[in-house]
Amino acid sequence: MIQRIAFIVGLISSVLLIIGCALVSFDLPGSRIMLLFGAACFSFVFVPVLIYMNFKRQKLMSIGDKWVFAALHLMGISFIVGILLKLMNMSCSAFFIRYSLMALIFLILPVYFISALSTKLDEFYTEKDRKNRIIVGVIILTFVGFLYAMIELF
């Protein structure tokens, strides 16, 4: 049931964001309201449902892993809010963008890597799972690092 809600909300927010981006590209009216509703639906409904689903998932055994994933998601929400505020030309956007990326790079991702490497291997958490988590962490770190570098350059 909760997965169905997540799918529907994710689909609605994605459609709203795509329509908003198309409207912004052509300078048509209604673009900002579509972006606002799409980002708000994504940030304040879809991502919290993802956090809830992560806490209910049995594959993540330690509570620390669950809190790391929740923190990753919350910093993602903060980043999206910052981008939305930037699109709306509000002055506090730089705060949300810069500090969410800094928290991801310097606080949350190191804890993510430490938890991935320190979790004991068993039949539920195999070497393949550990490698996959590290690869995902490296991809996230690379992406967030490039975003941070772009923010600092401009």
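In this text, all values refer to a predicted model and were calculated from it rather than measured experimentally.

Here we come to the packing of aromatic side chains. A full pass over the atoms with the stated rule returns five aromatic pairs. With a centroid separation of 5.8 Å and 85° between ring planes, the pair formed by phenylalanine 69 and tyrosine 112 is classed as edge-to-face. Residue phenylalanine 69 is located in helix α3 (residues 63-87), and its partner tyrosine 112 is located in helix α4 (residues 93-118); the two are separated by 43 residues in the primary sequence. When its relative accessible area of 14% is taken as the criterion, phenylalanine 69 is described as buried. Relative to phenylalanine 96, the ring of phenylalanine 95 has its centre 5.6 Å away and its plane inclined at 80°; by these criteria the two rings are edge-to-face. Phenylalanine 95 gets classed as exposed once you look at its relative accessible area, which sits at 51%. Aromatic ring contacts, followed pair by pair, group Phe69, Tyr112 and Phe113 into a single cluster. When the ring centre of tyrosine 112 is taken as origin, the NZ or CZ atom of arginine 133, which lies over that ring, is 5.3 Å away.

Glancing now at the packing of helix α1 (residues 2-25) against helix α2 (residues 31-56). Contact geometry of α1 with α2 gives a least axis separation of 8 Å together with a crossing angle of 155°. Accordingly, the angle class assigned to the pair α1 and α2 is roughly antiparallel. Crossing hand, α1 versus α2: left-handed.

By the element assignment, arginine 130 lies in helix α5 (residues 127-153). The side chain of arginine 130 sits in the buried core without any salt bridge; glutamate 127 is the nearest counter-charge, 4.0 Å away. With residues near it in sequence (within four places) discarded, arginine 130 still touches Ala116, Leu117, Thr119, Leu121 and Tyr125.

What the rule picks out here adds up to zero disulfides. Its sulfur unpaired, cysteine 21 is 15 Å from the next cysteine sulfur, which belongs to cysteine 41.

Cut-off values and rules
Residues numbered from 1 in each chain as written. Predicted model: local features only at pLDDT ≥ 70, side-chain atom pairs only at ≥ 80, totals over all residues. Heavy atoms only, no water. Phe/Tyr/Trp six-rings, centres within 6.5 Å; stacked < 30°, edge-to-face > 60°. Helix = DSSP H or I, 4+ residues; strand = E, 2+ residues; numbered from the N terminus. Buried < 20%, exposed > 50% of the residue type's maximum accessible area, 1.4 Å probe, protein only. Lys NZ or Arg CZ within 6 Å of the ring centre and 35° of its normal. Axes fitted to C-alpha atoms, helices over the stretch in contact; angles between N-to-C directions. Parallel < 35°, antiparallel > 145°, perpendicular 65-115°, else oblique. Left-handed = near helix turned anticlockwise from the far one by under 90°. Lys, Arg positive; Asp, Glu negative; His and termini not counted. Salt bridge = Lys/Arg side-chain N within 4 Å of Asp/Glu carboxyl O. Contact = heavy atoms within 4.5 Å. Disulfide = S-S within 2.5 Å.

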